[in-house]
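# Residue-level structure breakdown
Here is what each chain is made of, one letter per residue.
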Amino acid sequence: MSGIVTSYVGLFRPRGDEAATIERIEIPLIQRDYAQGRVDAAVADIRSDFLDVLLGAAVGETRVGLDFVYGDVQGGTLRPLDGQQRLTTLFLLHWYLAFRTGRLEVGLDWTRFSYATRASAGLFCERLTENPPPRAVGEPSIWIKDQFWYLHVWRHDPTIQSMLVMIDAIDSRFRGIDMEAAWSRLTDEVDPAISFHLLPIEEMGAGDELYIKMNSRGKPLTPFENFKARFEKTLEGSPRAAEFAECVDGAWSDVFWAYRGTDDIVDDKLIRYFTFVTQIAEWQNGTISRKRLETRAEEVFGPGRPNGPQNLDFLFDAFNAWRDMEVATFFAGLLTTSASQSGEKVLLFGSKPIDHFRACCESYAFGGSRMFGWAETLTLYAVLIHRIYQTDDFPRRLRMLRNLLEASGNELRLENMPALVREVASLVRGASPQEALVGLSAFNEAQIEDERAKAAFLTAHPELTGVVFALEDHRLLRGSLVAIELDADRLAARAASFRKVMAARSLWPALTGALLAKGDYSRHPNPRSFRFGSPEDDLWWRGLLTGTRRSNLSRTSNVLAELLDAISEADGNLRDVLREIRQQWIDEQDAFDWRYYLVKYDAMRSGKSGIYFTVGGEMGFQLCMLDKTQLNSWYRDPFLLAVRNATEKKEAVEDSWFRGYETAARWMGLRASNTRVRCVKQGFQLMPPPGEADREAFDAVCEASGIGKDHLLRIPQLQRDGRPFDTEDRVERGAKLLTELIAAGL
């Protein structure tokens, strides 16, 4: 049988030539399930495009040829080896138009369409043609699933479910057209609106082998191949359409070849980078879209769209920027994650990628991804702008951007990206790094202010550029120097002392004491809490030293500067220097407020976060010392902890942790008698033991200690500047009391 050009209905018509008559179509066992009705987004786009083509033919806008259909014809049955999906959709389209026009009758030749892949699918096709819906039915699939002949188990048949989806999609597209005219156009014997070229295969014995060969030729297109075909159609009418087709299969593919996977395919890398470029172009235009890539690309780059030609120029620039160069080598010369290479390169903090182009190709997704987030997106965009326009002093500008991104975690959100993209371009292309900072406002305001201060400082003192850069690269500061006074005479020495004292965590318990000896360096983030340095964790130091305006950190920066100056001027072991600073201040005190106790007793500075919650919004004698940030986690009362540690037999005292509001009473108990104690402003409040047998011993200790019936151990105090100061060390006095209670058997 020779090849013929025919329509779907024409396929079943008798022919006068030697061609075998086709009486039915059967999808053979070797074929897959019907797929054009699947519900995933990629197939939905394919289905939508295909139905648009069929609709155009049905309403007379054009005539459509659906290429070749290969198959074997034996005994009047066509078993397609290639074309199954198209034939199934054509069957469903003709079924739909036939029932809508009232011409669907049992026994019509074109209705003999079946699936051998699944008996259920074959039966479903038979029931469809035998039971036409009412012509005016609403959504056909609902009616079908409500019929007695629709079997419950068909819910799990992928081919049947795909057919139902396609039927509803056809209904959605074709419902409003002239269906009588559409039927006439599709079934026209001379010039049908939709046709295909049937190529029968004579020898069925070779069918399985032939199918395997054909399927290797006809593997599903990759998402990028599908996208490229649609995008090339979008560019029709653009003077750069042919250039795009040439570049995407030539020079641009060569760029991405270095990033190919083990399958030697780069399509997934191309489509991720195309996604990145499309979203950047949207942001450059000031828009945000959540549509699919194909639709977005058409709206952004289409020749008839607003800014379409300019956006397309940017797309070409964005791809051409990486041609004829070693991309990985370029990024390795620009960025580093090694502190030892900082200064000559821009240091990235944490486990961030060096080759941002590769990372984008491997991980980019609309909306950002965990592996390639907003900061990486803006960094790659900055590098891209530099590559396109060959900007000067780029490492300095990139360093500024690094600093801004590190401080702008709250600002890096999708809705802010158009403004951020504009400002990145301004930062990279500005007349000078300092002038480029003038118009910034979308990044963290405090960091913008810091960048301007540093730029002005370095303009006046360029010889200190290396010192400033080294401080910016410190892991605790991450680009922010708001806690460092920009004093040209002292900056180099202070920077050296800062690196020295922060280098070893083992020094930090002594450091927090020495800092507090120099002054109250705390931050007051809210009316109930205060933040100090941490004895062990970088995160809390960054929370203390960064993240706000320079003016808000004047108290912290002044105390830090005084300590760094003392370290610079001292000789000897650094640990001994810190201990001496602390001890000298302790020895000078003749009355004791909260600061004295925190300086003297290491345990009272042992909270991992350095955060204290207070009663009344002031640091005093009622404190909660946190390991974390909130009071719903376990925390310590630092005064009770210090008292327990100073007690001779501290194992006899409960190791107390607390949760709840700072105003709640925090009691620490003695294990033997459950006698309890808590720290209050006036001293220590006692709770008698619950057992009568212990009460006599308890009363005797209270009487000997001068404690009255109110069970309050009062610490003698005086007032200075309206605040209470102890004149006796309450930790020592509290420990003495607990020792006496324990000795009494309590």
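What you see as residue numbers is a count from 1 along each chain, following the sequence as written. Per-residue local features of the predicted model are confined to residues with pLDDT of at least 70, and side-chain atom pairs are confined, for both listing and counting, to 80 or more; whole-chain, interface and lining totals are unaffected and use all residues. Side-chain measures here rest on the full set of heavy atoms in the structure, leaving out hydrogens and waters.

Our next topic: the overall build of the protein chain. Each helix is a run of H or I in the DSSP string that is no shorter than four residues. Each strand is a run of E no shorter than two, and both are numbered from the N terminus. For the protein chain, the helix and strand inventory stands at 30 helices and 19 strands. Projected onto the principal axes, the alpha-carbon positions of the protein chain cover approximately 125 × 75 × 45 Å. Taking all 746 residues of the protein chain together, the buried fraction comes to 53%. Within the protein chain, residue pairs in contact and separated by at least 24 positions form 66% of the contacts whose partners lie at least 6 positions apart. As displayed, the protein chain offers around 33000 Å² of accessible surface, 48% of which is attributable to carbon and sulfur atoms. With 91 positive and 106 negative side-chain charges, the protein chain shows a spacing of 4 Å between the two charge centroids. Exposure categories follow from relative accessible area, calculated using a 1.4 Å probe and restricted to protein chains: below 20% of the type maximum is buried, above 50% is exposed, and the middle band is partly exposed. Contacts between residues were defined by any pair of non-hydrogen atoms, one from each residue, lying within 4.5 Å. All accessibility values rest on the Shrake-Rupley procedure with a 1.4 Å probe; residue burial counts only the protein chains present in the view. When charges are counted, Lys and Arg contribute as positive and Asp and Glu as negative, whereas His and the chain ends are disregarded. Each charge is placed at NZ for Lys, CZ for Arg, CG for Asp and CD for Glu.

Backbone hydrogen bonds hold the strands of a sheet together, and the pairing may be parallel or antiparallel. What makes two strands pair is DSSP finding at least two bridges between them. Strand order in the open sheet formed by four strands is β14-β15-β16-β17, with antiparallel pairing between adjacent strands. Two strands lie at the open edges of the sheet, namely β14 (668-669) and β17 (712-714), each paired on one side alone. Sheet topology note: the β14/strand β15 (residues 676-680) ladder contains two bridges and is antiparallel. Considered in β15, the bridge of Gly669 is made with Arg676.

This part is about the sheet that holds strand β10 (residues 529-531). Read across the sheet, five strands follow the order β9-β10-β11-β12-β13 without closing on themselves; strand pairing throughout is antiparallel. Of all strands in the sheet, those bounded by a partner on one side alone are β9 (523-526) and β13 (635-636). Axes here mean lines fitted to C-alpha atoms, for a helix over just the part in contact, with angles spanning 0 to 180 degrees between N-to-C directions. Along the sheet, helix α28 (residues 638-646) makes contact with β11 (611-614), β12 (623-626) and β13, crossing β12 at roughly 80°.

Let us look at the nonpolar core. Grouping buried Ala, Val, Leu, Ile, Met, Phe, Trp, Tyr and Cys residues that are joined through side-chain atoms within 4.5 Å yields what is termed a nonpolar core. With 91 residues, the main nonpolar core has Phe498, Leu511, Trp541, Leu578 and Tyr597 as its most contacted residues. Considering every element that reaches this core, the biggest residue donor is helix α23 (residues 508-518), with seven residues. Excluding anything up to four places from it in sequence, Tyr597 contacts Phe592, Met604, Phe621, Phe639, Asp726, Glu728, Asp729, Arg730 and Val731. By size, the runner-up hydrophobic cluster in this structure holds 76 residues, among which are Tyr273, Phe314, Leu401 and Phe443.

So, about the packing of aromatic side chains. We describe a pair of aromatic rings using the distance from one ring centre to the other and the angle between the two ring planes. In this scheme Phe, Tyr and Trp rings, the latter by its six-membered ring, pair at centre separations within 6.5 Å, and the angle between planes marks the pair as stacked below 30 degrees, edge-to-face above 60, and tilted otherwise. Scanning all chains against the criterion turns up 43 aromatic pairs. Sitting above the plane of the Phe330 ring, Arg387 keeps its charged end 5.2 Å from the centroid. Any Lys NZ or Arg CZ that is within 6 Å of a ring centre and within 35 degrees of that ring's normal is treated as a charge sitting over the ring. Across the ring face of Tyr389, the terminal group of Arg429 is positioned such that the distance to the ring centre comes to 3.6 Å.

Looking now at the pattern of salt bridges. By convention in these notes, a salt bridge is any Lys or Arg side-chain nitrogen within 4 Å of a carboxyl oxygen on Asp or Glu. Inspection of the entire model under this criterion finds 56 salt bridges. Where Asp249 meets Lys228, a salt bridge forms, and the shortest distance between an N and an O atom there is 2.7 Å. Separated by 21 residues along the polypeptide, Asp249 in the loop between α9 (241-248) and α10 (251-257) and Lys228 in helix α8 (residues 223-234) bring together distant segments of the chain. Here the residues in one salt-bridge network are Arg399, Arg402, Asp450, Glu451, Lys454, Glu472, Asp473 and Arg550, joined through shared partners.

Below, the discussion takes up the pairing of strand β4 (residues 77-82). Taken together, the two bridges between strand β2 (residues 24-27) and β4 define a ladder with parallel strand orientation. Across the sheet, residue Ile25 finds its bridge partner in β4, namely Leu78. Examined bridge by bridge, strand β3 (residues 64-74) and β4 share five bridges and lie antiparallel to one another. Bridging across to β4, Asp72 finds its partner in Arg79. Counted along the chain from β3 to the antiparallel partner β4, the turn is two residues long, and its residue Gly75 has a positive phi close to 60°.

So, about unusual backbone geometry. Peptide bonds are trans in most cases, and residues, glycine excluded, mostly fall at negative phi. Although it is not a glycine, Asp324 adopts a positive phi angle of roughly 55°. Structurally, Asp324 can be placed in the loop between α13 (308-320) and α14 (327-332). Looking at Asp324, the relative accessible area reads 79%, which means it is exposed. Phi at Gln390 takes a positive value of approximately 50°, unusual for a residue other than glycine. Among the secondary structure elements, Gln390 is positioned in the loop between α16 (374-389) and α17 (394-407).

To continue, consider the confidence of the model for the protein chain. Interpretation of this model should avoid reading the predicted coordinates in detail wherever pLDDT is low. The predictor attaches a confidence to each residue, called pLDDT, with possible values from 0 through 100. Confidence in the prediction for the protein chain averages 90 pLDDT; 95% of positions are at 70 or higher. The low-confidence segment residues 203-219, where pLDDT is below 50, has 15 contacts with residues more than four positions distant or belonging to other chains.

This part takes up α23. The buried count for α23 comes to nine of 11 residues, which makes it a mostly enclosed element. Where α23 is buried, its residues meet α22 (491-502), α24 (538-545), α25 (554-569), α26 (574-588) and α27 (594-600). Once α23 ends, the next one or two residues include Gly519, with phi positive near 160°.

Turning our attention to the environment of Leu335. Along the chain, Leu335 turns up in strand β7 (residues 335-336). Considering only alpha carbons, one finds Leu335 and Asp355, 20 residues apart in sequence, at a separation of 8.3 Å. When residues no more than four places from it in sequence are discounted, the contact partners of Leu335 are Lys345, Val346, Leu348, Ile354, His356 and Leu398.

Between two packed helices, both the angle of their axes relative to each other and the distance between the axes serve to describe the pair. It is the contact of helix α11 (residues 267-284) with α16, at a shortest axis distance of 12 Å, that shows an interaxial angle of 85°. As the angle between them shows, α11 and α16 are arranged roughly perpendicular. From α11, Tyr273, Phe276, Ile280, Trp283 and Gln284 reach across to α16, where they touch Trp374, Thr377, Leu380, Tyr381 and Leu384. Classes in brief: Ala, Val, Leu, Ile, Met, Phe, Trp, Tyr, Cys and Pro nonpolar; Asp, Glu, Lys and Arg charged; the others, Gly included, polar. Of the residues contributing to the contact of α11 with α16, the split by class is eight nonpolar, two polar and no charged. Any angle between 65 and 115 degrees counts as roughly perpendicular, while under 35 counts as roughly parallel, over 145 as roughly antiparallel, and the rest as oblique.

Before going further, it helps to spend a moment on the pairing of β15. Burial analysis of β15 places four of its five residues in the buried class, the great majority of the element. Pairing of β15 with strand β16 (residues 683-687), which is carried by five bridges, proceeds in the antiparallel orientation. Within the sheet, the bridge partner assigned to Arg676 lies in β16 and is Met687. Following β15, the chain reverses through two residues before pairing antiparallel with β16.

What follows is about the side chain of Arg676. The residue Arg676 is located in strand β15 in this model. Engagement of the side chain of Arg676 in a polar contact is seen with the side chain of Asn674, the distance being 2.5 Å. Two N or O atoms count as a polar contact when they lie within 3.5 Å, although within protein this holds only if one can serve as hydrogen donor and the other as acceptor, and sequence-adjacent residues are included solely when both atoms are side-chain atoms.

Interhelical geometry of α16 versus α17 gives an angle of 165° and a closest axis separation of 11 Å. In terms of orientation, α16 and α17 fall into the roughly antiparallel class. The element α16 and its partner α17 pack so that their crossing is right-handed. The residues of α17 that touch α16, namely those facing Ala375, Leu378, Thr379, Ala382, Val383 and His386, are Phe394, Leu398, Leu401 and Leu405. For the contact of α16 with α17, the class distribution of residues is eight nonpolar, two polar and no charged. Take the far helix as your reference; a near helix turned counterclockwise from it by less than a right angle gives a left-handed crossing, and one turned clockwise gives a right-handed crossing.

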